[in-house]
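Each chain, letter by letter, is given below.
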Amino acid sequence: MKNKNTICTKCLKNLDPANLTLEVLSYKDLKLASLGGALFMAHQVSKELMATMESLKNLSSIAKADR
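Residues numbered from 1 in each chain as written. Predicted model: local features only at pLDDT ≥ 70, side-chain atom pairs only at ≥ 80, totals over all residues. Heavy atoms only, no water.

Chemist: Give a detailed account of the overall build of the protein chain, specifying residues and quantitative values.
Modeler: When you go through the protein chain residue by residue, the secondary structure sums to two helices and zero strands. For the protein chain, with 67 residues in total, the buried portion stands at 1%. Total accessible area computed for the protein chain in this model is approximately 6,700 Å², and 63% of it derives from carbon and sulfur atoms. (Helix = DSSP H or I, 4+ residues; strand = E, 2+ residues; numbered from the N terminus. Buried < 20%, exposed > 50% of the residue type's maximum accessible area, 1.4 Å probe, protein only. Areas by Shrake-Rupley, 256 points an atom, 1.4 Å probe, with all protein chains shown as cover.)

Chemist: Mind laying out a nonpolar patch on the surface, listing which residues take part and the relevant values?
Modeler: Taken together, the side chains of Leu 25, Tyr 27, Leu 30, Leu 32, Phe 40, Met 41 and Val 45 present a nonpolar region at the surface, about 660 Å² in accessible area. In this structure, Phe 40 sits in helix H2 (residues 35–65). (Patch = residues over 30% accessible without salt bridge, like charges linked within 9 Å, V, L, I, M, F, W, Y side chains within 5 Å. Salt bridge = Lys/Arg side-chain N within 4 Å of Asp/Glu carboxyl O.)

Right, here's the structure in full:
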């Protein structure tokens, strides 16, 4: 059985860092119908929902304190 570290080391030796490029995407680069766009939208909706729930929780605690 081959050692996994040996295989990875061989692969890494063949990589030339000067030729690696990265591209940063924003939500504007993704179509809503794409998997990435749908995942972003689901993430955004969940964040908005959590913020709304926390706001309602805070309002409820303020209302109870005023009694």
